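Next come the chains, spelled out residue by residue.
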Amino acid sequence: MPLDLFSDMPGEQIPPGNMRIVTGDSLAVLPTLAAESVQCCVTSPPYWGLRDYQHDAQIGAELTPERYVENLVAIFREVRRVLRKDGTLWLNVGDGYARNGGTGNCGPNAMVGNTKKLIQKRNCKVPDCWGLKDRDLMGLPWRVAFALQADGWILRSRITWIKKTAMPESVKNRPTSATEEIFLFAKSPSYFYDPDGVRESSDANLRNYWILGPDASGNGHPAAFPRELARRCILLGSRIGDTVLDPFSGSGTTGVVASEQGRQAVLIELNPKYAQLSLERTHHGKKSRVEAVNT
Ligand SMILES: C[S@@+](CC[C@H](N)C(=O)[O-])C[C@H]1O[C@@H](n2cnc3c(N)ncnc32)[C@H](O)[C@@H]1O
């Protein structure tokens with residue numbers, strides 16, 4: 001039986017800014033949330049085959065990218081159930097290369113300090129799917145987008161995030177990768193979108209390329225997205241007092257911004273260290289709590 005989002009506070013007024021931070025596997029936690037209780041989901045799952053988040057249930061460590069896509073479809077099917085009828089999903093997904101190297105330096109950001117050799121070596125074998133060849137760009141964001149479309153989501157926009165500061169790459173046979181995709185999906189054809197939430201400086205309707213730099217200070221997570229990215233999605237996709245969900249919370253950026261913008265948030269994170277980081281970043285005198293779900 002699904003629980004209310006803030007179920008152990010019966011009848012209690014939940015002021016904007018409240019957080020619920022759940023430590024566990026999203027695939028197991030999402031079914032415990034009430035249907036149609038969230039206005040928008042702003043999230044960024046791990047890249048496939050790049051980092052090791054040190055848990056058997058982690059997304060991104062699947063043996064094949066096909067399995068990665070299937071796992072994301074299963075998680076976002078639950079997100080769709082939890083979203084209100086007029087709710088939206090803002091999904092940032094990264095790409096990667098099929099490699100046959102074995103050097104441990106594959107993947108677009110493979111030089112990042114905390115990457116684990118094991119996961120990278122696996123990624124250094126060209127996966128036996130989709131006709132991939134050595135050095136093929138896998139096109140994972142679009143493969144995920146098409147799979148979600150086939151599963152019932154309505155794909156409404158592809159936003160290109162242009163990174164002011166691109167991760168250095170030691171490549172000499174192609175341009176350095178400095179963009180990522182953010183997809184806007186809707187649960188139904190008529191959905192909430194506030195065109196005045198964020199506008200161009202000319203006051204025109206916001207365009208689908210966002211030039212964003214990283215946040216000035218790191219926050220202890222290797223793959224946090226900029227606060228401004230979360231701010232735009234939240235302002236366009238929700239109203240004050242609404243609930244925002246991030247099933248891959250990481251350092252809690254979505255929760256931090258939701259709180260600043262007077263929204264409530266439910267954050268799910270597999271790694272207890274990052275769930276704690278999410279709590280510390282979002283706490284600031286608000287009613288936040290971390291709970292563990294055994295998975
Ligand atoms: C790319 S990071 C998210 C970063 C976040 N947007 C931020 O700004 O900090 C993805 C996170 O998903 C978590 N994760 C991986 N598999 C998960 C799962 N099955 N359920 C919940 N969290 C998971 C990882 O531990 C990691 O912290």
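All values reported here derive from a predicted model rather than from experimental measurement.

J.: Explain the pairing of strand β4 (residues 154-163) here, please?
T.: Working note: regular strand, side chains alternate between the two faces of the sheet. The pairing of β4 with strand β5 (residues 179-186) spans 8 bridges and is antiparallel. Residue pairing for β5: T160 is matched across the bridge by E181. Relative to strand β6 (residues 209-212), β4 runs parallel, the two sharing 4 bridges. Along β6, the bridge assignment pairs W161 with W210.

J.: Would you take a moment to explain the site of the ligand for this structure?
T.: Near the ligand, the surroundings consist of 24 residues, among which A224, F248, G250, S251 and T253 are the closest. Elements with a contribution of two residues or more to the shell around the ligand: α1 (26-29) and β8 (264-269). Here the shell around the ligand is composed, by residue class, of 14 nonpolar, 8 polar and 2 charged.

J.: Which parts of the structure should I look at to understand the nonpolar core?
T.: Within soluble globular proteins, side chains that are nonpolar generally end up buried alongside one another. Grouped together as the largest cluster of nonpolar side chains are 62 residues, with contacts concentrated most on C41, V42, V79, L89, W90, F185 and I234. Counting residues per element, this core draws most heavily on helix α2 (residues 65-82), at 7 residues. Setting aside residues no more than four positions away along its own chain, W90 makes contact with C40, C41, V42, I182, L184, C233 and G237.

J.: Where do I start with helix α5 (residues 227-237) in this structure?
T.: Residue pairs three or four apart in sequence face the same way in an α-helix, which turns once every 3.6 residues. With respect to burial, α5 is a largely interior element, 8 of its 11 residues being buried. Among all positions of α5, only L229, A230, R231, R232, C233, I234, L236 and G237 are buried. Of the surrounding elements, those touching the buried residues of α5 are β2 (38-43), β3 (83-93), β4, β6, β7 (243-246) and α6 (253-260).

J.: How should I be thinking about the pairing of strand β1 (residues 19-23) in this particular structure?
T.: Across the 5 residues of β1, 5 count as buried, placing the element largely inside the fold. Side chains M19, I21 and T23 of β1 all project onto a buried face; the interleaved residues R20 and V22 project onto the opposite face, where all are buried too. As paired elements, β1 and β8 share 5 bridges and run parallel to each other. In the strand pairing of β8, T23 is matched with E269.

J.: Would you take a moment to explain the packing of α5 against α6 for this structure?
T.: Packed helix pairs are specified by the crossing angle of their axes together with the interaxial distance, meaning the distance between the axes. Two elements in contact, α5 and α6, have axes separated by 9 Å at closest approach and are oriented at 55°. In this view, α5 runs oblique relative to α6, as classed from their interaxial angle. The handedness of the crossing between α5 and α6 comes out as right-handed. Here α5 contributes R227, A230, R231 and I234 to the contact with α6, which in turn contributes T253, T254, V256, V257 and A258. A class-by-class count of the residues in the contact of α5 with α6 yields 5 nonpolar, 2 polar and 2 charged.

J.: It is not clear to me how α2 should be interpreted in this structure. Could you clarify?
T.: End to end, α2 covers 26 Å across 18 residues, agreeing with the expected 26 Å (1.5 Å per residue, within 8%). Of all the residues in α2, the buried ones are P65, Y68, V69, L72, I75, F76, V79, R80 and V82. Around the axis of α2, the buried residues are gathered within 150° of arc, so they sit on the same side. Of the surrounding elements, those touching the buried residues of α2 are α1, β2, β3, α4 (140-150) and β7.

J.: Explain the environment of V69 to me, please; I cannot follow it from the model alone.
T.: Position of V69 relative to the elements: it lies in helix α2. Look at V69 and you get buried, because 22 C-beta atoms sit within 10 Å. It is 8.9 Å that separates the C-alpha atoms of V69 and L148, two residues lying 79 residues apart in sequence. When near neighbours in sequence (up to four residues on either side) are disregarded, V69 contacts R143, V144 and A147.

J.: Explanation requested: the environment of A230 in the structure shown.
T.: By the element assignment, A230 lies in helix α5. Ignoring anything within four residues of it in the chain, the contact list for A230 reads V42, F225, T253, T254 and V257.

J.: Whenever I open this one, the packing of α2 against α4 confuses me. Can you help?
T.: At a closest axis distance of 10 Å, the pairing of α2 and α4 adopts a crossing angle of 45°. Classified by the angle their axes make, α2 and α4 are oblique. You can see that α2 and α4 cross each other, and the crossing is right-handed. For the pair α2 and α4, the contacting residues are P65, V69, L72, V73 and F76 in the first and L140, R143, V144, A147 and L148 in the second. Among the residues forming the contact of α2 with α4, the class breakdown is 9 nonpolar, no polar and 1 charged.

Definitions and cut-offs
- Residues numbered from 1 in each chain as written.
- Predicted model: local features only at pLDDT ≥ 70, side-chain atom pairs only at ≥ 80, totals over all residues.
- Pairing = 2+ DSSP bridges.
- Helix = DSSP H or I, 4+ residues; strand = E, 2+ residues; numbered from the N terminus.
- Near = placed C-beta within 6 Å.
- Nonpolar A, V, L, I, M, F, W, Y, C, P; charged D, E, K, R; others polar.
- Core = buried A, V, L, I, M, F, W, Y, C linked by C-beta atoms within 7 Å.
- Buried ≥ 20, exposed ≤ 12 C-beta atoms within 10 Å, placed from the backbone.
- Contact = placed C-beta atoms within 7 Å.
- Axes fitted to C-alpha atoms, helices over the stretch in contact; angles between N-to-C directions.
- Parallel < 35°, antiparallel > 145°, perpendicular 65-115°, else oblique.
- Left-handed = near helix turned anticlockwise from the far one by under 90°.
- Expected span 1.5 Å × (residues − 1).
- Arc of directions from axis to C-beta.

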